[in-house]
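# Survey of secondary and tertiary structure
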Amino acid sequence: MGKRKLDGEKVMMLVDRLVRAAELLFPGNRSGEEKKAWVIAQVNDRVNIPVLGERTESLIIGFLVDFTVSLYNDIKSRKE
């Protein structure tokens, strides 16, 4: 699968799906960093931010992953 141009909505949908997939692939609380690294790598392989280098893309994707996980944790804590 080649890299696609940046589309914010599609990128967030991709991050969302991959965060959910990581939860299934890497069960347990101790694998948070492993999950995050996997999601970042998967997104970075699929998305190209033309004006940024790969390292900066990874940092931005990492922020999106953290944001998504934070939202899920907030929702989960409200249900408890």
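Above this text is the structure in question.
For every chain, the first residue of the written sequence is number 1, and numbering continues from 1 along that sequence. A pLDDT threshold of at least 70 governs which residues receive local features in this predicted model, and a stricter bar of 80 or more applies before side-chain atom pairs are shown or counted, although totals over entire chains, interfaces and linings include all residues. Only hydrogens and water are set aside; all other atoms, that is, all heavy atoms of the structure, feed into the side-chain values.

### With respect to the packing of aromatic side chains
Put simply, two rings from Phe, Tyr or Trp (the six-membered ring, in Trp's case) pair if the centres are within 6.5 Å, and we call them stacked under 30 degrees between planes, edge-to-face over 60, tilted for the rest. According to the stated counting rule, one finds 2 aromatic pairs in the structure shown. For the pair Phe 63 and Phe 67, a centre-to-centre distance of 6.5 Å together with 25° between the ring planes defines the contact as stacked. Placement of both Phe 63 and Phe 67 in helix α3 (residues 54-79) is noted, with a separation of 4 residues, approximately one turn of the helix. Type-normalised accessible area, obtained with a 1.4 Å probe on protein chains alone, sets the label of each residue: buried when under 20%, exposed when over 50%, and partly exposed for intermediate values. Using a relative accessible area of 42% as the deciding quantity, one classes Phe 67 as partly exposed. Numbering goes from the N terminus for both helices and strands, where a helix is a DSSP run of H or I of at least four residues and a strand is a run of E of at least two.

### Examining the pattern of salt bridges
Throughout this description, the term salt bridge denotes a Lys or Arg side-chain nitrogen within 4 Å of a carboxyl oxygen of Asp or Glu. Here the structure, examined in full by the defined rule, presents 3 salt bridges. Between Arg 20 and Asp 16 there is a salt bridge, with the nearest N and O atoms lying 3.3 Å from each other. Of this pair, Arg 20 and Asp 16 both sit in helix α1 (residues 8-25), 4 residues apart, which is roughly one turn of that helix. The exposure class assigned to Asp 16 is partly exposed, which follows from its relative accessible area of 23%. A salt bridge links Glu 23 to Lys 35; its shortest N-O distance comes to 3.1 Å. Taken together, the positions of Glu 23 in helix α1 and Lys 35 in helix α2 (residues 32-46) put the pair 12 residues apart, joining distant regions of the chain.

### Examining the packing of α2 against α3
Interhelical geometry of α2 versus α3 gives an angle of 125° and a closest axis separation of 9 Å. With respect to α3, the axis of α2 lies oblique. Classified by chirality, the crossing of α3 by α2 is right-handed. Each of Lys 36, Val 39, Ile 40, Val 43 and Asn 44 in α2 lies in contact with α3, whose residues at this interface are Glu 54, Glu 57, Ser 58, Ile 61, Gly 62, Val 65 and Asp 66. In this analysis an axis means a line fitted to C-alpha atoms, helices contributing only their contacting stretch, and an angle means the value between N-to-C directions, from 0 to 180 degrees. For classification, angles of less than 35 degrees are called roughly parallel, those exceeding 145 degrees roughly antiparallel, those between 65 and 115 degrees roughly perpendicular, and all remaining angles oblique. The hand of a helix crossing depends on one turn: near helix anticlockwise from the far one by less than a right angle means left-handed, and clockwise means right-handed. Contacts: residue pairs with any heavy atoms within 4.5 Å of one another.

### Here we look at the nonpolar core
With 14 residues, the main nonpolar core has Val 15, Val 39, Val 43 and Val 65 as its most contacted residues. Elements that contribute at least two residues to this core include exactly α1, α2 and α3. If you tally residues by element for this core, the top one is α1, at 6 residues. The residues touching Val 39, leaving out its near neighbours within four places in the chain, are Leu 18, Val 19, Ala 22 and Val 65. For our purposes a nonpolar core is just a set of buried Ala, Val, Leu, Ile, Met, Phe, Trp, Tyr and Cys residues, chained together by side-chain atoms within 4.5 Å.

### Topic: α2
Residues that lie three or four places apart on an α-helix share one face, since the helix turns once every 3.6 residues. With 15 residues, α2 should reach 21 Å at 1.5 Å per residue; the first-to-last C-alpha distance of 21 Å fits that figure. On its buried face, α2 is in contact with α1, β2 (47-48) and α3. The span you would expect from a helix comes to 1.5 Å times its residue count less one.

### Overview of the environment of Lys 35
Given the relative accessible area of 11%, Lys 35 is considered buried. Separated by 30 residues in sequence, Lys 35 and Val 65 have C-alpha atoms that sit 9.7 Å apart. Ignoring sequence-local partners within four residues, the contact set of Lys 35 consists of Ala 22, Glu 23, Phe 26 and Gly 28. Under the rule applied, a polar contact is a pair of N or O atoms within 3.5 Å (in protein, one hydrogen donor and one hydrogen acceptor; residues adjacent in sequence only if both atoms are side-chain atoms). Only 3.1 Å separates the side chain of Lys 35 from the side chain of Glu 23, close enough to count as a polar contact.

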